[in-house]
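Structure at a glance
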Amino acid sequence: PDHLPNTEATAEVTAAAVDNLKFLKQGTSDLAFTMADMAQDAVAGRDVFSDFGAVQVRTLAVLYSSYSHLVTNASGGISAISDLRGRVVSTGAAGSGTTVIARRMLQAAGLDPGRDIREQSLGVAQSVDALKDGKIDAFFWNGGLPTGSILDLVNTPGVRAHFIPTDGPLPRLEQMFGPSLYYRDVIPKDTYNNEAEIPVVAVANLLVASAEMPEDLAHDITQLLFDRQDELAAIHPQARTLSLKTALSGSPVPFHPGAIRFYRERNVWKQ
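Residues numbered from 1 in each chain as written. Predicted model: local features only at pLDDT ≥ 70, side-chain atom pairs only at ≥ 80, totals over all residues. Heavy atoms only, no water.

Things to note about the overall build of the protein chain
Counting its secondary structure elements, the protein chain contains nine helices and eight strands. With the C-alpha coordinates of the protein chain rotated into their principal frame, the extents come out at 55 × 40 × 30 Å. Burial status across the protein chain gives 49% buried among its 271 residues. Within the protein chain, contacts between residues at least 6 apart in sequence are counted, and of these 71% link residues at least 24 apart. Working note: accessible area of the protein chain is about 13,100 Å², and carbon and sulfur atoms make up 48% of it. (Helix = DSSP H or I, 4+ residues; strand = E, 2+ residues; numbered from the N terminus. Buried < 20%, exposed > 50% of the residue type's maximum accessible area, 1.4 Å probe, protein only. Contact = heavy atoms within 4.5 Å. Areas by Shrake-Rupley, 256 points an atom, 1.4 Å probe, with all protein chains shown as cover.)

Topic: the pattern of salt bridges
Under the criterion given, the structure shown has 13 salt bridges. Among the salt bridges present, the one from Glu-215 reaches Arg-261, with a minimum N-O distance of 3.0 Å. Taken as a pair, Glu-215 in helix H7 (residues 215–227) and Arg-261 in helix H9 (residues 257–265) lie far apart in primary sequence, 46 residues in all. One salt bridge in this structure joins Arg-261 and Asp-216, with 2.6 Å as the shortest N-O distance. Here the residue Arg-261 occupies a position in helix H9, and Asp-216 occupies one in helix H7, the gap between them amounting to 45 residues. Members of the salt-bridge network, linked through shared partners, are Asp-41, Arg-46, Asp-47 and Arg-104. (Salt bridge = Lys/Arg side-chain N within 4 Å of Asp/Glu carboxyl O.)

Structural notes on the nonpolar core
Leu-21, Val-57, Leu-84, Phe-140, Tyr-182 and Tyr-263 are the most contacted members of the largest nonpolar core, which has 61 residues in total. Per-element tally for this core: the top contributor is strand E8 (residues 198–210), with seven residues. Not counting the four nearest positions on each side in its chain, Tyr-263 is found in contact with Leu-60, Ala-61, Thr-222, Phe-226, Leu-244, Ala-247, Leu-248, Phe-255, Val-268 and Trp-269. Within the second largest apolar cluster, 20 residues are counted, among which are Tyr-67, Val-154, Tyr-192 and Val-200. (Core = buried A, V, L, I, M, F, W, Y, C linked by side-chain atoms within 4.5 Å.)

Details of the layout of surface pockets
Quantified by volume, the second largest pocket comes out at close to 220 Å³. Surrounding the second largest pocket, Val-154, Val-159, Arg-160, Ala-161, His-162, Phe-163, Tyr-192, Asn-193, Asn-194, Glu-195 and Ile-198 form its lining. Ranked by residues supplied to the lining of the second largest pocket, first place goes to strand E6 (residues 161–163) with three residues. Residues belonging to the lining of the second largest pocket are distributed by class as follows: six nonpolar, three polar and two charged. (1 Å grid on protein atoms, 1.4 Å probe; cavity = no way out; pocket = protein on both sides within 12 Å on 5 of 7 lines; lining within 4 Å. Points joined across faces, edges and corners; volume = space filled by probe spheres on them. Nonpolar A, V, L, I, M, F, W, Y, C, P; charged D, E, K, R; others polar.)

Quick word on H9
Burial in H9 covers these residues: Gly-258, Ala-259, Ile-260, Phe-262 and Tyr-263. The inward-facing, buried residues of H9 abut strand E2 (57–73) and H7. Just past H9, the residue Asn-267 takes up positive phi, approximately 60 degrees.

Here it is, written out as structure tokens:
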């Protein structure tokens, strides 16, 4: 806020991406972080937004990838998503993007999340504790790299965490949701003391605003993202991956006219 004259900013602690987007519609937030699949559902007013109604969001920038982690105990005999049948599995906090993508991956792998697993709804820190205590067999988490709670898990003496590749259902996900929403990426080796890359499903993380945000303000916020990138990276390491090259690819919803004006000024707007 120091860099935007006449503008006040406050951060809201929210449950997850779904709430973030609902707050935009209600006018209680002006900006939101969300995963691309949640933004697409919000604009279409479908899935978790079917009762709430469509939310007119516009993208300011594609920030970084969210990686679909699936973590188990190495002694649990789970090596693929299909092995979760009959197991106790956390699919993420209620109302989170993690839950939506976890259920979609389970369906794409041929499992019914309501019938074929015993579903728990825990956030990542709770999931880590539950796995340590033997209360769950596995958990999904969709987020950036590295995630602190998972680092804590792999560095806990006596616990052997095992990461399951999640890219198997990708062809089916592409059939169900289009070819560009979900994509294959890898968790690099040594991210979590892992000896090899872990292939996973990834989805873009977006900074979005209400379509009603004034064009000048949307322009200035987008510019600030890039002008103050070093300061942002000091707060969140993944801000380092933000670039003009990647900020425009991976959004299934339209860009805000103010953001488009900024990208035109930087000669990167091609669409």
